[in-house]
Every structure is written in C-alpha cells, then in structure tokens.
Amino acid sequence: MAEMQDNRSWFVQLLPHPLLTLMLITLWMALVNGFSIGGLLVGTVLGMLIPIYTAHFWPNRPMIRRPWKICSFVVILIFDVIVANLQVAYLILFRSPKKLRSGWIVVPLDVLSAEGITALAGTITLTPGTVSSDLTTDGKCLLVHCLDVDSEEEMVRRIKDRYEKRIKAMLS
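Predicted, not measured: the structure shown is a model, and the values here were computed from it.

Conventions used here
- Residues numbered from 1 in each chain as written.
- Predicted model: local features only at pLDDT ≥ 70, side-chain atom pairs only at ≥ 80, totals over all residues.
- Heavy atoms only, no water.
- Pairing = 2+ DSSP bridges.
- Helix = DSSP H or I, 4+ residues; strand = E, 2+ residues; numbered from the N terminus.
- Axes fitted to C-alpha atoms, helices over the stretch in contact; angles between N-to-C directions.
- Contact = heavy atoms within 4.5 Å.
- Salt bridge = Lys/Arg side-chain N within 4 Å of Asp/Glu carboxyl O.
- Buried < 20%, exposed > 50% of the residue type's maximum accessible area, 1.4 Å probe, protein only.
- Core = buried A, V, L, I, M, F, W, Y, C linked by side-chain atoms within 4.5 Å.
- Polar contact = N/O pair within 3.5 Å; in protein donor to acceptor, adjacent residues only side chain to side chain.
- Phe/Tyr/Trp six-rings, centres within 6.5 Å; stacked < 30°, edge-to-face > 60°.

Caption draft 1: Representation of the sheet that holds strand β2 (residues 130–135) in the model. Here three strands make up an open sheet; going across it, the order is β1-β3-β2 and the pairing antiparallel. In this open sheet, the two strands that pair with only one neighbour each are β1 (103–108) and β2. Adjacent strand axes in the sheet meet at a mean angle of 30° when their direction is disregarded. By the bridge criterion, six bridges tie β1 to strand β3 (residues 141–146) in an arrangement that is antiparallel. Residue pairing across strands places Pro108 opposite Cys141, the latter belonging to β3. Taken strand by strand, helix α5 (residues 114–126) contacts β2 and β3, and its axis lies near 145° from that of β2. Sitting on the sheet, helix α6 (residues 152–171) is in contact with β1, β2 and β3, with an inclination near 50° to β1.

Caption draft 2: Expanded view of the pattern of salt bridges. In total, this model carries nine salt bridges according to the counting rule given. For Asp148, the salt bridge is made with Arg95, and the minimal N-O distance between the two is 3.0 Å. Taken together, the positions of Asp148 in the loop between β3 and α6 and Arg95 in the loop between α4 (68–94) and β1 put the pair 53 residues apart, joining distant regions of the chain. You can call Arg95 partly exposed: its relative accessible area is 24%. Across the pair Arg157 and Glu154 runs a salt bridge, and its minimum N-O distance is 2.4 Å. Of this pair, Arg157 and Glu154 both sit in helix α6, three residues apart, which is roughly one turn of the helix.

Caption draft 3: The arrangement of the nonpolar core in detail. The biggest cluster of nonpolar side chains holds 19 residues, and the ones touching the most others in it are Ile105, Val107, Leu120, Leu142, Val144 and Ile159. Those elements giving two or more residues to this core turn out to be α4, β1, α5, β3 and α6. It is α6 that contributes the most residues to this core, six residues altogether. Ignoring anything within four residues of it in the chain, the contact list for Leu142 reads Ile105, Val106, Val107, Leu109, Leu120, Ala121, Ile124, Ser132, Asp134 and Leu135.

Caption draft 4: Broad picture of the environment of Ile159. Mapped onto the secondary structure, Ile159 falls in helix α6. For Ile159, a relative accessible area of 4% corresponds to the buried category. Along the primary structure Ile159 and Gly47 are separated by 112 residues, whereas in three dimensions their C-alpha atoms are 33 Å apart. Setting aside anything within four residues of it in sequence, one finds Ile159 in contact with Ile105, Val107, Leu120, Ile124 and Glu164.

Caption draft 5: Highlighting the side chain of Glu164. Inspection of the secondary structure assignment puts Glu164 in helix α6. For Glu164, the side chain forms a polar contact with the main-chain nitrogen of Val111, separated by 3.0 Å. Once residues within four sequence positions are removed from consideration, Glu164 is found in contact with Pro108, Leu109, Asp110, Val111, Leu120 and Ile159.

Caption draft 6: Spotlight on the packing of aromatic side chains. The tally for this structure, following the rule as stated, stands at two aromatic pairs. Each ring, one from Phe73 and one from Tyr163, has its centre 6.5 Å from the other, and the planes form 85°; the classification is edge-to-face. Taken together, the residues Phe73 in helix α4 and Tyr163 in helix α6 connect sequence positions 90 residues apart. By the burial criterion, Phe73 is buried, and Tyr163 matches it.

Structural measurements only, silent on function.
Below, the structure is given as structure tokens:
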C-alpha cells in the first residue's frame, strides 16, 4: 500500500488551527488562574497537540477571511448580552408572567455553512431571553424561542442584521 504524501507546509502541519491553538492557550492560562512559565509551557503544548490530533476531524475547516470583523462582532455581542441581562431581569422582577409575550419565531438563514449556522445558533442562545432550539432538515431555517417578543418580523430582522450578517461577512 502506497503512503499518502502530505503536501501541507510544515507550518500548517504544526499549527493546523492557529486560532484554536491561541484560544486553548488562553483558556488554559485562565483555568490555571495565574501566570507562570510552567503554566504557559503546558498551555502551549496542549494548544499545539490538541489541534494536531483533531485535525482529521476538520477536513474542510472554515476559513475566516476577515478576522478583524471578529473584534467588532464580539464587542456587539458583549453589549447585547449585558443589555439583554438587564431586560430579562426587569421582565422577571417587575412584569407579571401573564403579560409576557413569549413565543417561537422562525429565522430564515442566509448563512449555509455548518460553522456559520453553529455560530449564529450559539450567539442567539448566549443572548439572555432567546434560545435557538432547532434547525430544519434542509438547514435553511432556525427555530428560536423568545421570552418576550413584540413583533416576530422585528426580532427576525434584528437577528439577521445584528448577528447573521456579521457572521456571514467573517466567513465569506
């Protein structure tokens, strides 16, 4: 049986997912809860080995074409999470449960990659008051539950304009 030749550069072989490596190192340092050279060394080793051993699970890894857009997306997401926490706290503390207008909405998707859909569903779920619940079998619509929604159309427009458009821009 002939050996398969790996045509990837040595850098890509050593760091198949550089952002994942950086995230793992950062996560390890946060878990250690302090800075030390030994902790950084262990985090770096783990950050390099885990992506190497899991690279075959990601044959068609997503390419983030505009990484600088991640920063603006994260800032908007953090702002929205803070505001939504305050809104949910107000709803729970001061509004009667009978006056809540909870409901299900269907969000038609423009982003069709598995990574984009996962990022959008996770973003919706991270924002208090909304939970992404299901994806249609064709992958073109996402079912979302909202704790309090005035207008389904307005909520769909907000999700698409605020999150989906930015996720799509990062991945395309």
